[in-house]
Amino acid sequence: MMFEMKPEYYTGIDFIDQEHARLFELAQETHDLLNNDILQNKADSLVHLISELINYTRTHFSHEEEYQESIGYERLPEHAAQHRKFEDKLMEFDLDSIENDFESQNETVEELLGFLVNWLINHILKVDMLYVNQ
Ligand SMILES: [Fe+2]
Ligand SMILES: [Fe+2]
């Protein structure tokens, strides 16, 4: 497994850790899809994966923001703004324009994976830890 929770990713808040673990799973699924050489057409899997990511991140972000509100976290507005940016970026993966050729599908999966890894892992390790350790 390439993408899984390491000790440094744990916030110690159970429901947050469970949701982060699911996001890592989705990054792993993206990685697996990229490296899948058997599948001739990745369009369906890609649409499914992106939809799941959109839904799951929305759910996670709203839970996290509710939690931050409940502890009176002062930097909630900035944190929520980062979440909105992440959601917007995910929405930019245009499901209707996924082409049927293998190369361009792989490019989309690669772009999705790069985005997830850079953004998600940075966010969890740096930005999420700020409210945990406030
Ligand atoms: Fe988070
Ligand atoms: Fe967050």
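Values in this document were obtained by computation on a predicted structure and should not be read as measured data. (Residues numbered from 1 in each chain as written. Chains lettered and ligands numbered in written order. Predicted model: local features only at pLDDT ≥ 70, side-chain atom pairs only at ≥ 80, totals over all residues.)

## Observations regarding the overall build of the protein
Going by this rule: The way it works is that DSSP assigns letters per residue, a run of H or I at least four long becomes a helix, a run of E at least two long becomes a strand, and they are numbered from the N terminus. The exposure label follows from counting other C-beta atoms within 10 Å of a residue's C-beta, where the C-beta atoms are placed from the backbone and the thresholds are 20 or more for buried and 12 or fewer for exposed, leaving partly exposed in between. The contact criterion used is a C-beta to C-beta distance within 7 Å, with each C-beta placed from the backbone.
Check the secondary structure of the protein and you find 4 helices and 0 strands. Ordered by position in the sequence, the α and β elements of the protein form the string α-α-α-α. Counting only C-alpha atoms, the protein reaches 50 × 30 × 20 Å along its principal axes. Across the 134 residues of the protein, 17% fall into the buried class. Contacts in the protein between residues at least 24 apart in sequence constitute 73% of all its contacts with a sequence separation of at least 6.

## Digging into the nonpolar core
Test applied: Each nonpolar core consists of buried Ala, Val, Leu, Ile, Met, Phe, Trp, Tyr and Cys residues. Their C-beta atoms, within 7 Å, join them into a set.
Counting residues in hydrophobic clusters, the biggest one holds 13 residues, and the most contacted among them are Leu46, Ile50, Val109, Leu112, Leu113, Leu116 and Leu120. When contributions to this core are tallied by element, the ones reaching two or more residues are α1 (14-34), α2 (43-70) and α4 (102-132). Counting residues per element, this core draws most heavily on α4, at 6 residues. Each residue touching leucine 120, except ones within four places of it in the same chain, is listed here: Leu23 and Ala27.

## Some details on α2
The following threshold applies: The span expected for a helix works out to 1.5 Å for each residue beyond the first.
Over its 28 residues, α2 runs 41 Å from end to end, which matches the ideal 40 Å to within 8%, given 1.5 Å per residue. For α2, the set of buried residues is Leu46, Ile50, Leu53, Thr57, Glu64 and Gln68. Where α2 is buried, its residues meet α1, α3 (76-91) and α4. A positive backbone phi angle near 65° is found at glycine 72, which sits one or two residues after α2.

## Quick notes on the confidence of the model for the protein
Put simply, the test is: How sure the predictor is of each residue is captured by pLDDT, a score from 0 to 100.
In this model, the protein carries a mean pLDDT of 92, and residues with pLDDT of at least 70 account for 100%. Predicted confidence in the protein is weakest over α4, with a mean pLDDT of 91, and strongest over α1, with 96.

## Some words on the packing of α1 against α4
For any two helices packed against each other, one specifies the inter-axial angle together with the distance between the axes. Test applied: For helices, the fitted axis covers only the stretch in contact; all axes are lines through C-alpha atoms, and the angles between them, taken along N-to-C directions, range from 0 to 180 degrees. For classification purposes, angles smaller than 35 degrees are called roughly parallel, those larger than 145 roughly antiparallel, those between 65 and 115 roughly perpendicular, and all remaining angles oblique. Take the far helix as your reference; a near helix turned counterclockwise from it by less than a right angle gives a left-handed crossing, and one turned clockwise gives a right-handed crossing.
Put simply, α1 and α4 touch, their axes get as near as 9 Å, and they point 155° apart. Considering their axes alone, α1 and α4 lie roughly antiparallel with respect to each other. When you trace α1 past α4, the crossing you get is left-handed. Residues His20, Leu23, Ala27, Thr30, His31, Leu33 and Leu34 of α1 lie in contact with α4, whose contacting residues are Asn106, Val109, Glu110, Leu112, Leu113, Leu116, Val117, Leu120 and Ile124.

## Some remarks on the environment of aspartate 17
Its location among the elements puts aspartate 17 in helix α1. For aspartate 17, a count of 15 C-beta atoms within 10 Å corresponds to the partly exposed category. Taking the C-alpha atoms as reference points, aspartate 17 and tyrosine 67, separated by 50 residues in sequence, lie 13 Å from one another. Setting aside anything within four residues of it in sequence, one finds aspartate 17 in contact with Tyr10 and Thr11.

## Topic: α1
The terminal C-alpha atoms of α1, which comprises 21 residues, lie 30 Å apart, in line with the 30 Å expected from a rise of 1.5 Å per residue. All buried positions along α1 are accounted for by His20, Leu23, Phe24, Thr30 and Leu33. Where the residues of α1 are buried, they touch α2 and α4.

## Quick look at the environment of asparagine 41
When you line up the elements, asparagine 41 lands in the loop between α1 and α2. Taking the number of C-beta atoms within 10 Å as the measure of exposure, asparagine 41 has 12 and is therefore exposed. As for asparagine 41 and asparagine 100, which are separated by 59 residues in sequence, their C-alpha atoms are 6.7 Å apart.

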